[in-house]
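# What the coordinates show
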Amino acid sequence: VALLFSSKGDDPALWEGLLRRHVADLDFRVWPDNVGDAADIEFALVWRPKLGALREFPNLKAIFSLGAGVDHIFRDPDLPPGVPIVRLIDAALTRGMSEYVLHWALHFHRNFHRYARQQREGIWKQLPLTPISETSVGVMGLGELGGDAAAALAGLGFRVAGWSRGPKKLEGVECFHGHHALEPFLGLSQILVCLLPLTPETEGILHAGTLARLPRGGYLINPARGALVAEEDLLAALDSGHIAGAVLDVFRAEPLAPGHPFWSRPGVTVTPHVASITDPRSAAREIAANMERIEKGEPPVGVADPETGY
Ligand code: NAP
Ligand code: GLV
């Protein structure tokens, strides 16, 4: 079975070795130098494929994403019609994201950002501690990652609200859905965690108007996609003190440009798109399982909807 691998940042030899453990008859091809006969290719495993490139393969059965997000595939206006686009759903990836979210939510809740500033200024001062049940965290997006993060936050004792497109029920989480519920949800989010996919509907969703709905002095944790945030509006909200701190893992342009205001703006923490990194060992297993499902005529797990873009 011929699979085409296409990614600038991932090691094809590593992926080939890991996929071979699960797919005995794997014919591993690498874009662009080792594609061979385009008609052979049945599967593509990609990160940010070249625009129009996937259209060249007439017998594709599925396009697998090397990550959870599929915006890097849907950005191509010339995708082969009817070929399923499959998100990566992997317990290790989910777990990694929840670790990132828990770390930063606790960081703000326990005032560690304030103690860091006090240390720089040589100030020894104990700050009052709010009980965790009185610190509210709002999670935008309650899918694979947001759902797990919300449950983990609730498990620690935070007051948790969540927002999704359709209705959801999650134990310990006050669930909101739909456009009309965005304002009341934001009003509850002292710490806002964004785990939405980037789609035509969500692009720029965190702008001056929505940020203004957050309680004053709140925090933003964005490990989803940079383009969900209107950067200038976030900078203005930080300048005015409406937002007291932001942790940003993803950016409109990556790597974040040298000299970009986020690098040095007080209150902003930058991490280099590492909130949760695909572990090729577990991911290869999930992708191989989906190839097997398709070969057996079953639907793969994690098919994205081209209508909504996630
Ligand atoms: P997912 O399972 O598809 O979940 C998406 C969630 O967002 C769902 O709850 C969905 O609502 C909600 N949603 C989508 N559009 C919406 C809208 N217009 N209004 C309200 N809610 C909306 O996605 P996931 O696997 O959790 O991944 C989320 C994102 O995390 C990925 O797309 C990727 O961009 C990002 N990510 C980042 C990293 C990193 O290292 N920084 C790593 C992995 C993933 P419904 O439940 O109603 O459908
Ligand atoms: C990473 O950003 C992913 O989508 O998995």
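Now for a look at the structure at hand. (Residues numbered from 1 in each chain as written. Chains lettered and ligands numbered in written order. Predicted model: local features only at pLDDT ≥ 70, side-chain atom pairs only at ≥ 80, totals over all residues. Heavy atoms only, no water.)

## Things to note about the site of ligand 2
Taken together, the neighbourhood of ligand 2 is formed by Trp47, Gly67, Ala68, Gly69, Arg225 and His273. Here an oxygen atom of ligand 2 and a backbone polar atom of alanine 68 are 2.7 Å apart. At 2.6 Å from an oxygen atom of ligand 2 is found a side-chain nitrogen or oxygen belonging to histidine 273. Surface burial for ligand 2 is 85%, taken as the share of its 190 Å² of free accessible area covered by protein chains. (Near = heavy atom within 4 Å. Polar contact = N/O pair within 3.5 Å; in protein donor to acceptor, adjacent residues only side chain to side chain. Areas by Shrake-Rupley, 256 points an atom, 1.4 Å probe, with all protein chains shown as cover.)

## Description of helix H8 (residues 231–240)
Restricting attention to buried positions, one finds in H8 the residues Glu231, Leu234, Leu235, Ala237 and Leu238. Each buried residue of H8 sits inside an arc of 160 degrees when the element is viewed along its axis, so together they form one side. Every exposed residue of H8 that faces more than 90 degrees away from the buried side is listed here: Glu232 and Asp239. Summarising the contacts, the buried residues of H8 are in contact with helix H7 (208–211), strand E10 (218–222), strand E11 (243–248), helix H9 (261–264) and strand E12 (268–270). Of the residues trailing H8, glycine 241 is marked for its positive phi of about 85 degrees. (Buried < 20%, exposed > 50% of the residue type's maximum accessible area, 1.4 Å probe, protein only. Helix = DSSP H or I, 4+ residues; strand = E, 2+ residues; numbered from the N terminus. Arc of directions from axis to C-beta. Contact = heavy atoms within 4.5 Å.)

## What about the pairing of strand E6 (residues 136–140)?
Of all five residues in E6, five are buried, a share of seventy percent or more. Covered by surrounding structure in E6 are Ser136, Gly138 and Met140 together with Val137 and Val139, the residues of both alternating faces. Read from E6 through helix H5 (residues 144–156) to strand E7 (residues 159–164), the crossover connection turns out right-handed. Across four bridges, the pairing between E6 and strand E9 (residues 191–194) is parallel. (Right-handed = clockwise from strand over helix to strand, strands pointing away. Pairing = 2+ DSSP bridges.)

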